[in-house]
Amino acid sequence: MSDTTETAMPNIQLNLVGLSKNDYRGAQTTLCAGCGHNSISNQIIAAAYELNIVPEDVIKLSGIGCSSKSPAYFLNRSFGFNSLHGRMPSVATGAMFGDHTLKALAVSGDGDTTNIGMGQFKHIMRRNAPMVYIVENNGVYGLTKGQFSATAEMGLRLKYQGINHYFPVDVVQEAMASGATFVARSFAGDANQVKALIKAGLSHNGLAIIDIISPCVTFNNNDDSRHSYGWGREHQEPLHDFTYVPREQEIQLGEFPEGTTRQVEMHDGSTIVLKKLDRDYDPTSRAAAMRVIEESQDEEVLLTGLIYVDTERPSLTDIYELPQGRALNRMTDTELRPGKDMIEKANAMMF
Amino acid sequence: MTTPQVKEAKTSQGKAVVNDFSMTVATMNGSGSQTSNVTLLRALFKMGIPVSGKNLFPSNIQGLPTWYTIRVSKDGYLARRETHEVVVAMNPDTFVADLASVAPGGAFFYGDHLKFEINRDDISVHSFPAKLLAKESGAPANLRDYVANMAYVGVLAHMLDIDMDKIREALEYHFDGKEKPIALNMGVIDAAFAWSTANLKKTDPYRVEPMDKTSGFIMADGNTAGALGAIFGGVQFVAWYPITPASSFAEAISQNISAFRDKEGQDGKTYAIVQAEDELAAIGMTVGAGWSGLRSVTSTSGPGISLMTEFAGLAYYAEIPVVVWDVQRVGPSTGLPTRTSQGDILSTHFLGHGDTQQILMIPGSAQECFEFGWRSFDISERMQTPVFVMSDLDLGMNQWMTKPFEYPDQPMDRGKILWEKDLEALKEPWMRYKDVDGDGVPYRTAPGNRAPQSAWFARGTGHDESAKYSERADHWEANMDRLVRKYQTASQYVPAPVLQTRAGAKIGVIAYGSADPAILEAGDYLAADGLATDYLRLRAVPFTDEVRDFIAAHDKTYVVEMNRDGQMHKLLLLEYPEMAAKLSSLVKYDGLPLSALWVKESLQAEEQK
Ligand SMILES: Cc1ncc(C[n+]2csc(CCOP(=O)(O)OP(=O)(O)O)c2C)c(N)n1
Ligand code: SF4
Ligand SMILES: [Mg+2]
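We now turn to the structure provided with this report.

Analysis parameters
Residues numbered from 1 in each chain as written. Chains lettered and ligands numbered in written order. Predicted model: local features only at pLDDT ≥ 70, side-chain atom pairs only at ≥ 80, totals over all residues. Heavy atoms only, no water. Helix = DSSP H or I, 4+ residues; strand = E, 2+ residues; numbered from the N terminus. Rg over C-alpha atoms; globule rule 2.2 N^0.38 Å. Buried < 20%, exposed > 50% of the residue type's maximum accessible area, 1.4 Å probe, protein only. Areas by Shrake-Rupley, 256 points an atom, 1.4 Å probe, with all protein chains shown as cover. Lys, Arg positive; Asp, Glu negative; His and termini not counted. Charge placed at Lys NZ, Arg CZ, Asp CG, Glu CD. Near = heavy atom within 4 Å. Polar contact = N/O pair within 3.5 Å; in protein donor to acceptor, adjacent residues only side chain to side chain. Nonpolar A, V, L, I, M, F, W, Y, C, P; charged D, E, K, R; others polar. Pairing = 2+ DSSP bridges. Axes fitted to C-alpha atoms, helices over the stretch in contact; angles between N-to-C directions. Contact = heavy atoms within 4.5 Å. Buried area = accessible area lost by both parts, 1.4 Å probe. Salt bridge = Lys/Arg side-chain N within 4 Å of Asp/Glu carboxyl O. Right-handed = clockwise from strand over helix to strand, strands pointing away. Arc of directions from axis to C-beta. Core = buried A, V, L, I, M, F, W, Y, C linked by side-chain atoms within 4.5 Å. Phe/Tyr/Trp six-rings, centres within 6.5 Å; stacked < 30°, edge-to-face > 60°. Lys NZ or Arg CZ within 6 Å of the ring centre and 35° of its normal.

Examining the overall build of chain A
Consideration 1: Helix and strand counts for chain A stand at 13 helices and 15 strands.
Consideration 2: Relative to the 2.2 N^0.38 estimate, which gives 20 Å for 351 residues, the radius of gyration of chain A is 22 Å and therefore close to what a compact globule would have.
Consideration 3: Dimensions of chain A, computed from C-alpha atoms along their principal axes, come out at roughly 70 × 55 × 45 Å.
Consideration 4: When each of the 351 residues of chain A is scored for burial, the buried share is 58%.
Consideration 5: For chain A, the accessible surface area stands at approximately 14700 Å², while carbon and sulfur atoms represent 49% of it.
Consideration 6: Treating the 31 positive side-chain charges of chain A as one cloud and the 42 negative ones as another, the clouds have centres 6 Å apart.

Encoded structure:
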C-alpha cells in the first residue's frame, strides 16, 4: 500500500498533503440522478481536496433524509455519524468535544432542520459550535416521497400534496435570529459559489450555516417552484462576487479598482475577498443582513453569498478551556481519575 | 414573654423511650425549614444515633405544606415509619391533621402564632413563641421569618436531650464555617433552648442519648454520591436538562468536578458540561460524546427517559457507550414529581424501538451510588452500549447514613477501543462490528484516530460487519443475534446481587434500590414472628445466575417493589418462565418510601392466604 506514491500515475494530481481527489470521495451515490444534493457532495469533495485537509481530521454528521444520506458519498476516510431525524445538532455538539482539533462538517435537509429539528438547529447556533452546517434545501421531504417541508413557499402546488397554505421558514433569517456567526446562502446550480462558501465555512471558528437551494428533481422541480433549478437560474442574485483565498496564497487585488472590494480575515489566516456588484454590502453588519434578507423576500429573488460573518465571538470549544491542541479523548487514566488520596476529600465533604 | 401552654398527657408517664421514635416537622415549603431539619438530623447522627431523614415536599417553590420526618433508631433501621411520636406544627394549613397524626402518648409542639383548638388529651402538647424568640435573639428584622424555624430546633434540643455542641457542628457544616449565619441561627436556637428550659415541662417519654453506632458512616444523598462517583470514574462529558429529582446529580458534578480534577499546571480542562435545551438534546450530546470516545453521562427522570427513547434505541444498535442516570419519580408525565417510585424499570429496560435490551444498574445505598457512578462507565465502555443507573427520589435527594465512599478497586476499563498503534498491530483488517472474541462485543475506534481505515460510519440503518450500509436479511439477523450474545456477556460484568440468608428459610424476598432498608427491617420482624426469609437485593439487569439459583432454592419468592404493575416481577417471569409459579408480586405505589410494617404485614397476609 505504502509504495503507491512511486507508482502513482503521473496524471493523478496530488494536493499538498499528498492525496488525490479520490481520497476524498465516498461510496457511490444512491440519490436520484440530477439531485442537487449530489452536486453539493461533489463540491464538498473538491473543497476538502483543494484546502489540503486530511480526511481523518474531519468528522461528518447528518440527520435523516436524502440529504442526510449524502455523507456516505463523500470523505470515506472521515469518521461519520448518520444520526436521527432532526437531532444531528446535538450529536455534533457532543461529538465535537471528543477531539476538538477536528473539523466538523454536517449535512441536513430542510425538513430535518426546519421541521422536526428546528429546536436543535436554533440551539447549536446559540452555542456557536465550530462546524459547517449545510442545509440542502429543496422545499420537500425527498426521502418520504415529496411532502411539503417548512421551507416550501405559500401557494406551492405539488401533484400529490395539493397546495401549501403555510408561511415558509427562511433558513438564513432563522440563523440570523439565533445568533449564527456565519450565515450564507447558495444554489446547487452555482458550483463555484457553493465550493467557495464551503471553504470559507471550514475556515470559520464557529457555526457556519450554509443554506443551499438544492432542487429535488423528483418531487419539486417545476420552473415556478422556489426550489427548482429553473427558478434558481432565473432569480439568483449574488450579493457580491465571492473569492476564497487560502492562507498560503497571496491576495491579488490588482484587477479590482479601489473601493470595490471588501476583505474578511478568517480564523485560520485565509481571507474572503468580496467584490462589489450592484451594491456595497457589509457582511459584518447584522442590521444590513436582516435588511437584505427581508428585501430578497419582498423582491422574490434568490439572494446568495456571504450574508453575515462575525469572526470575533468565541466558539463552543473555546468557551470550555480545553487543552491546546490535545484531545479530550486522548486523556490518560491518571489525568481522568483523581488520585487515591482524593477519596478522603470526597468523604470529608460529606457530613 | 408569653406563658407557655402545657397540657399534661394522661397516658404516657412511663418508662423513657430512648433513641427509638420518629419525629415529623410540618412547615411551609420555602420557609427555610430545610436548614432546621437537616441540622436536627446531623446533630443526632453526630451523637452516634442511627438516623434517616425524609423530605416529603410538594411540587412548589413556596407556600404549600411540606413535612420532614426524622427516624432515630438504636437498632439502625433507616426505613420510613408509619407512626410519628413527636410532631412539630408550624403550618396553619395542616395544623389539624398534624395534631391528629401524633401517636398516642407522643408529644406535639407548635408555634404559638397558630391559634387552634387542642382537642387531644392523650398526648403532651406544648406551644412556643417562635417569632418572638427570633426577634429576641437579635436577628435582623428581614431575616426573622427565615430563622424562626430554628426555634423548634432549640425547643426539641431541650425536650429531647439533643447535644447543643452537635447542633453547632451541624450548622458549621451547613454554612461552610461562615460565622455570620452560624451565629444568627445559633442565636435563635440558644434563645429557644433557654426559653424551653425555663418554661416547658417534659411529660412524654421520648428522648435521645448518645450512642456509638454511627462511627464509620457518613451522611450523603445519592445524587451527590453518584456525581462524585462519576468524577472518580473519569467523566469527561455531561449534558443534562433540569428535572426533579435528578437535577442535583448534574449540579453536583458541576459544583465539585473542579476540586477533584483540575490540577496545577494543567493546560486545560479534562471535562465539559453542557446544559442542553431538552432531554432529546441531552441524550443526543452524550451519544455524540460517547461515539467520539468520551466517558459521557446524562441524568434525568421518567419524563426525560421517554424523550430519550429514540436515541436509546440508536445507541443500542449503533453500539455507543453512554451512561444515563434515571432518578425515578412518580409518573406519568408530571405525575407526583416530588414523590418516589420505581416505575421506570420496564420502560427503561426496553427503551428504544424494535428489539432492545438495555442494561440497568440499581444502587441500593448512597455508597453504592458512588460506586455505580464510576462502574457504570466501565460497563458501558466494555459493552459499548447505554447503561441506565436506576436511582430514585428517596435515594437521590434524601440524606442517608451510609458507609464511606471507597476508591475504585479496579483500574478504568476503557473496553475494546483501538488507537493507531493497536490497529497497526492487528493481523487481520479491523471491522467495526465483527465478533472477533466470540463474546458479542466488537472493537471500536474513535474520531481523531489518524490511522487510515480507522474511520467508520455510525448509523441506525442496517449494516454489515464493516459498518457499511446493508439491507441484507442475513446481515440484519446476524447482527441482532450478536447483540443478544453481547447482552449475555454483560451479565458477567454487572454487579451481582447482595444476599442475606436465615437458617431454614423457605421464603425468599427479592427487592432492589431504596426498598432495601424496609426489607431488611421487615425481615427481622418476620423472623421474630416465626417466619424466616432470605433476601436477594438485585443490583442489575441482566440477571446473574445467583438470581435463578435463589428463586429455585425457595418454595416461594416475593418480589417487592414500588410500582403498580410489578415491573421487576414481570421481567423475572420473562426470564424464568419455568419458575413462574414460585414468584409472587408485592407492590406499593403511593409515592412514599416503603415501610417495614407494610412489607411485613402484606407478606404475612399473602402467606396466610
Ligand atoms: C422520527 C422520525 N420521523 C420521521 C421519519 C421519516 N423521515 C425520514 S426523512 C424525512 C424527511 C426528510 O426531509 P428533508 O430533511 O428535507 O430531506 P430530503 O430528503 O428532502 O433531502 C422524514 C419525515 C424519520 N426517519 N424519523
Ligand atoms: S427524491 Fe429528491 S431529494 Fe431525494 S434523491 Fe431524489 S431528487 Fe434528491
Ligand atoms: Mg428536503
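Concerning the site of ligand 1
Consideration 1: Near ligand 1, the surroundings consist of 18 residues, among which Cys66(A), Ser67(A), Asp110(A), Asp112(A) and Gly142(A) are the closest.
Consideration 2: Surrounding ligand 1 is a set of residues that belongs to chains A and B.
Consideration 3: Interatomic distance of 3.1 Å between a side-chain N/O atom of Asn138(A) and an oxygen atom of ligand 1.
Consideration 4: Between Gly142(A) and ligand 1, the recorded distance is 2.8 Å, taken from a backbone N or O atom to an oxygen atom.
Consideration 5: In the complex, 78% of the free accessible area of ligand 1, which totals 580 Å², lies under the protein chains.
Consideration 6: Taken together, the elements giving at least two residues each to the shell around ligand 1 come down to helix H3 (66–69), helix H5 (110–114) and strand S5 (140–141) of chain A.
Consideration 7: No other element matches H5(A), which puts three residues into the shell around ligand 1.
Consideration 8: Considering only residue class, the shell around ligand 1 consists of six nonpolar, nine polar and three charged.

Section: the site of ligand 2
Consideration 1: Every residue lining ligand 2 is accounted for by Leu31(A), Cys32(A), Cys35(A), His37(A), Cys66(A), Asn138(A), Cys216(A), Val217(A), Thr218(A) and Phe219(A).
Consideration 2: Split by residue class, the shell around ligand 2 holds seven nonpolar, three polar and no charged.

So, the sheet that holds strand S25 (residues 583–587) of chain B
Residue and element names in this part refer to chain B.
Consideration 1: Here five strands make up an open sheet; going across it, the order is S20-S22-S21-S24-S25 and the pairing mixed. Each end of this open sheet is capped by a strand with a single partner; those strands are strand S20 (498–500) and S25. Here the average twist between neighbouring strands, direction ignored, is 20 degrees.
Consideration 2: On the sheet, helix H19 (residues 545–553) packs against S20, strand S21 (507–512), strand S22 (533–538), strand S24 (556–561) and S25 and is oriented at approximately 155 degrees with respect to S22.
Consideration 3: Sitting on the sheet, helix H21 (residues 596–608) is in contact with S21, S24 and S25, with an inclination near 145 degrees to S24.

A short note on the interface of chain A and chain B
Consideration 1: Tallying the contact residues gives 58 residues for chain A and 77 residues for chain B.
Consideration 2: For the pairing of chain A and chain B, the buried interface totals around 5800 Å² over both sides, and the portion due to carbon and sulfur atoms is 63%.
Consideration 3: Taken as a group, Phe79(A), Arg337(A) and Phe351(A) account for 18% of the area that chain A buries against chain B, more than any other trio of residues on that side.
Consideration 4: Viewed at the interface, chain B and chain A are joined by four salt bridges.
Consideration 5: For the pair chain A and chain B, the number of links is 25 residue pairs in polar contact (both at pLDDT 80 or more).
Consideration 6: Residue assignment for the side of chain A that touches chain B shows that the elements contributing at least two residues are strand S1 (58–62), strand S2 (79–82), helix H4 (88–96), helix H6 (118–127), helix H12 (333–336) and helix H13 (342–349) of chain A.
Consideration 7: With six residues, H13(A) is the single largest residue contributor to the side of chain A that touches chain B.
Consideration 8: Alignment of S2(A) against strand S19 (residues 457–459) of chain B, held across three bridges, turns out to be parallel. Paired with Asn82(A) across the two strands is Arg459(B), which belongs to S19(B).

As for the pairing of strand S12 (residues 272–275) of chain B
Residues and elements named next belong to chain B.
Consideration 1: In this structure, strand S11 (residues 237–240) lies alongside S12, joined through four bridges in parallel fashion. Counterpart to Ala 239 in the pairing with S12 is Val 274.
Consideration 2: Note on the crossover from S11 through helix H9 (residues 247–261) to S12: the handedness is right-handed.

Structural notes on the pattern of salt bridges
All names here are of chain B.
Consideration 1: By the definition in use, this model includes 53 salt bridges over all chains.
Consideration 2: As a salt-bridge pair, Arg 548 and Glu 578 come within 3.7 Å of each other at their nearest N and O atoms. In this pair, Arg 548 is assigned in helix H19 and Glu 578 in the loop between helix H20 (567–575) and S25, connecting sequence segments 30 residues apart.
Consideration 3: When its relative accessible area of 37% is taken as the criterion, Arg 548 is described as partly exposed.
Consideration 4: Classification of Glu 578 by relative accessible area gives exposed; the value is 53%.
Consideration 5: Taken together, the shared-partner salt bridges connect Arg 295, Asp 378, Glu 381, Arg 414 and Arg 444 into one network.

A short note on H13(A)
Residues and elements named next belong to chain A.
Consideration 1: Those residues of H13 that fall on the buried side of the exposure criterion are Met 342, Ile 343, Ala 346 and Asn 347. Each buried residue of H13 lies within a common arc of 145 degrees when the element is viewed along its axis, so the set occupies one face. Opposite the buried face of H13, by more than 90 degrees, sit the exposed residues Glu 344 and Ala 348.

So, the side chain of Glu561(B)
All names here are of chain B.
Consideration 1: As for its position among the elements, Glu 561 is in strand S24.
Consideration 2: It is Lys 570 that comes nearest to the buried, bridge-free Glu 561 among opposite-charge side chains, at 8.3 Å.
Consideration 3: A polar atom in the side chain of Glu 561 sits 2.6 Å from the side chain of Tyr 512.
Consideration 4: Here the side chain of Glu 561 touches Met 568 through a polar contact of 2.8 Å, landing on its backbone nitrogen.
Consideration 5: Residues within four places of Glu 561 in sequence aside, it is in contact with Gln 342, Tyr 512, Gly 566, Gln 567, Met 568, His 569, Leu 586, Val 587 and Lys 588.

Section: the nonpolar core
Consideration 1: Residues Leu61(A), Phe97(A), Met131(A), Trp291(B), Met568(B) and Leu572(B) are the most contacted members of the largest nonpolar core, which totals 103 residues.
Consideration 2: Ranked by residues supplied to this core, first place goes to helix H10 (residues 279–291) of chain B with seven residues.
Consideration 3: When neighbours within four sequence positions are excluded, Met131(A) is seen to be in contact with Leu61(A), Met88(A), Ala92(A), Met96(A), Ala104(A), Leu105(A), Ala106(A), Ile124(A), Gly206(A), Leu207(A) and Ala208(A).
Consideration 4: In this structure, Phe21(B), Val147(B), Leu156(B) and Tyr206(B) belong to the second largest nonpolar core, which totals 55 residues.

Thoughts on the packing of aromatic side chains
Consideration 1: Scanning the model with the defined rule gives 23 aromatic pairs over all chains in all.
Consideration 2: With a centroid separation of 6.0 Å and 85 degrees between ring planes, the pair formed by Phe232(B) and Tyr407(B) is classed as edge-to-face. Remark: Tyr407(B) occurs in the loop between strand S18 (400–402) and helix H16 (420–425) and Phe232(B) occurs in helix H8 (residues 222–232); sequence separation between them is 175 residues.
Consideration 3: For Phe232(B), a relative accessible area of 0% puts it in the buried group.
Consideration 4: Taking NZ or CZ as reference, Arg42(B) lies 5.6 Å from the ring centre of Phe351(A), over its face.
Consideration 5: Lying over the aromatic face of Trp456(B), Arg432(B) brings its terminal NZ or CZ to 4.3 Å of the ring centre.

Regarding unusual backbone geometry
Residues and elements named next belong to chain B.
Consideration 1: Across the junction of Gly 331 and Pro 332, the peptide omega takes the value 0 degrees, indicating a cis bond.
Consideration 2: Tracing the chain through its elements places Pro 332 in the loop between strand S14 (322–330) and strand S15 (336–340).
Consideration 3: The omega angle of the peptide bond from Val 541 to Pro 542 is 10 degrees, so this bond is cis rather than trans.
Consideration 4: Position of Pro 542 among the secondary structure elements: in the loop between strand S23 (540–541) and H19.
Consideration 5: A positive phi angle, close to 50 degrees, is found at Gln 384, a residue other than glycine.

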